[in-house]
Amino acid sequence: MGVAGCGKSSLGVAVAAAEGLPLIEGDDFHSAASRDKMSRGIALTDADRAQWLEILGGQLAAHPQGVVLTCSALKRAYRERLRAAAPGLRFVFLEIDRAAAQQRVAERGSHFFSATLVDSQFATLESPVGEPGVLRVDALAPLDDLQRSVSAWLHGKEPA
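Calculation criteria
- Residues numbered from 1 in each chain as written.
- Predicted model: local features only at pLDDT ≥ 70, side-chain atom pairs only at ≥ 80, totals over all residues.
- Heavy atoms only, no water.
- Helix = DSSP H or I, 4+ residues; strand = E, 2+ residues; numbered from the N terminus.
- Expected span 1.5 Å × (residues − 1).
- Buried < 20%, exposed > 50% of the residue type's maximum accessible area, 1.4 Å probe, protein only.
- Arc of directions from axis to C-beta.
- Contact = heavy atoms within 4.5 Å.
- Phe/Tyr/Trp six-rings, centres within 6.5 Å; stacked < 30°, edge-to-face > 60°.
- Lys NZ or Arg CZ within 6 Å of the ring centre and 35° of its normal.
- Pairing = 2+ DSSP bridges.
- Axes fitted to C-alpha atoms, helices over the stretch in contact; angles between N-to-C directions.
- Parallel < 35°, antiparallel > 145°, perpendicular 65-115°, else oblique.
- Left-handed = near helix turned anticlockwise from the far one by under 90°.
- Nonpolar A, V, L, I, M, F, W, Y, C, P; charged D, E, K, R; others polar.
- Core = buried A, V, L, I, M, F, W, Y, C linked by side-chain atoms within 4.5 Å.

1. A word on helix H1 (residues 8–19)
Under the 1.5 Å per step criterion, the end-to-end length of H1 is 16 Å for twelve residues, consistent within 8% with the ideal 16 Å. By the burial criterion, the buried members of H1 are Lys8, Leu11, Gly12, Val15 and Ala16. Axial view of H1: buried residues confined to an arc of 130°, hence all on one face. Of the residues flanking the end of H1, it is glycine 20, one or two places downstream, whose phi is positive at about 65°.

2. Concerning the side chain of threonine 124
With respect to the secondary-structure elements, threonine 124 resides in helix H6 (residues 118–124). Residue threonine 124 is classed as buried on the basis of its relative accessible area, which comes to 18%. Not counting residues within four places of it along the chain, the set of residues in contact with threonine 124 comprises Arg49, Leu74 and Lys75.

3. Quick word on the packing of aromatic side chains
Any two aromatic rings considered together are summarised by their centre-to-centre distance and by the angle between their planes. According to the stated counting rule, one finds zero aromatic pairs in the structure shown. For the cation-ring pair, arginine 90 lies above tryptophan 153, with the distance from its terminal atom to the ring centre recorded as 5.1 Å.

4. As for the side chain of arginine 79
Looking at the secondary structure, you find arginine 79 in helix H4 (residues 76–85). Residue class for arginine 79 comes out buried when judged on its relative accessible area of 0%.

5. Quick word on the pairing of strand S3 (residues 91–95)
In terms of burial, S3 is a largely internal element, four of the five residues being buried. Bridge analysis of S3 against strand S4 (residues 134–138) gives five bridges, and the strand direction is parallel. Counterpart to glutamate 95 in the pairing with S4 is aspartate 138.

6. With respect to the packing of helix H3 (residues 46–61) against H4
Where H3 contacts H4, the axes come no closer than 8 Å and their chain directions differ by 25°. Judged on the interaxial angle alone, H4 and H3 are roughly parallel. Judged by the twist between their axes, the crossing of H3 over H4 is right-handed. Listed contacts from H4 to Asp46, Arg49, Ala50, Leu53, Glu54, Leu56, Gly57, Leu60 and Ala61 of H3 are Tyr78, Arg81, Leu82 and Ala85. Considered class by class, the residues forming the contact of H3 with H4 number eight nonpolar, one polar and four charged.

7. Comments concerning the nonpolar core
Membership of the largest hydrophobic core comes to 22 residues, with the highest contact counts inside it found for Leu11, Leu94 and Ile96. Secondary structure elements with two or more residues in this core: H1, S3, helix H5 (98–107), H6, S4 and helix H7 (143–154). Setting aside anything within four residues of it in sequence, one finds leucine 94 in contact with Met1, Gly2, Cys6, Gly7, Lys8, Leu11, Val137, Ala139 and Leu146. In terms of nonpolar packing, the next biggest core, distinct from the first, is built from 15 residues, Ile24, Leu60, Tyr78 and Ala86 among them.

8. Regarding H4
Three or more residues of H4 are buried, namely Tyr78, Arg79, Leu82 and Arg83. Across the axial projection of H4, the buried residues extend over an arc of 140°, all falling on one side. Buried residues along H4 sit against H3, S3 and S4.

9. Digging into the environment of aspartate 28
With respect to the element layout, aspartate 28 can be found in the loop between strand S1 (23–25) and helix H2 (32–39). For aspartate 28, a relative accessible area of 52% puts it in the exposed group. Through-space distance from the C-alpha of aspartate 28 to that of alanine 101 is 20 Å; in sequence the pair is 73 residues apart.

Rendered as structure tokens:
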């Protein structure tokens with residue numbers, strides 16, 4: 001979880017492969033209307049995200065054996081909705097500064113998310129640090145290091 005550009009998709013792919021789990025890309029479940037809004041630089045509202053979160057909760061519940069889900073989960077209320085659908089759910093918070101996120105999003109090719117929305121993501125973000133079942137990692141660390149830390153944490157070991 002984290003703001004746009006933090007590396008959710010890249011880390012999700014790496015963790016899913018390492019753990020032998022299915023990967024669900026949260027962005028794939030945004031409605032056409034939400035995708036259109038984001039492509040035009042219009043931030044989503046809680047109402048826009050409600051159905052998306054419901055669908056993602058259903059996806060989590062449908063995979064009781066485990067799954068890796070990439071999702072911004074910017075507000076605690078969003079994370080609580082997902083936790084309700086999948087008790088024991090854990091979150092990896094990819095922490096990144098605004099400038100680095102802005103640069104990463106601007107460098108994307110054809111992604112629907114407008115770089116102008118990075119500021120709104122930071123404005124919406126409620127840090128999950130201190131919530132149960134949350135691992136904070138430096139989004140700018142090498143991907144292999146991040147994957148190893150997450151895998152260690154998932155298996156009850158101290159992250160590297």
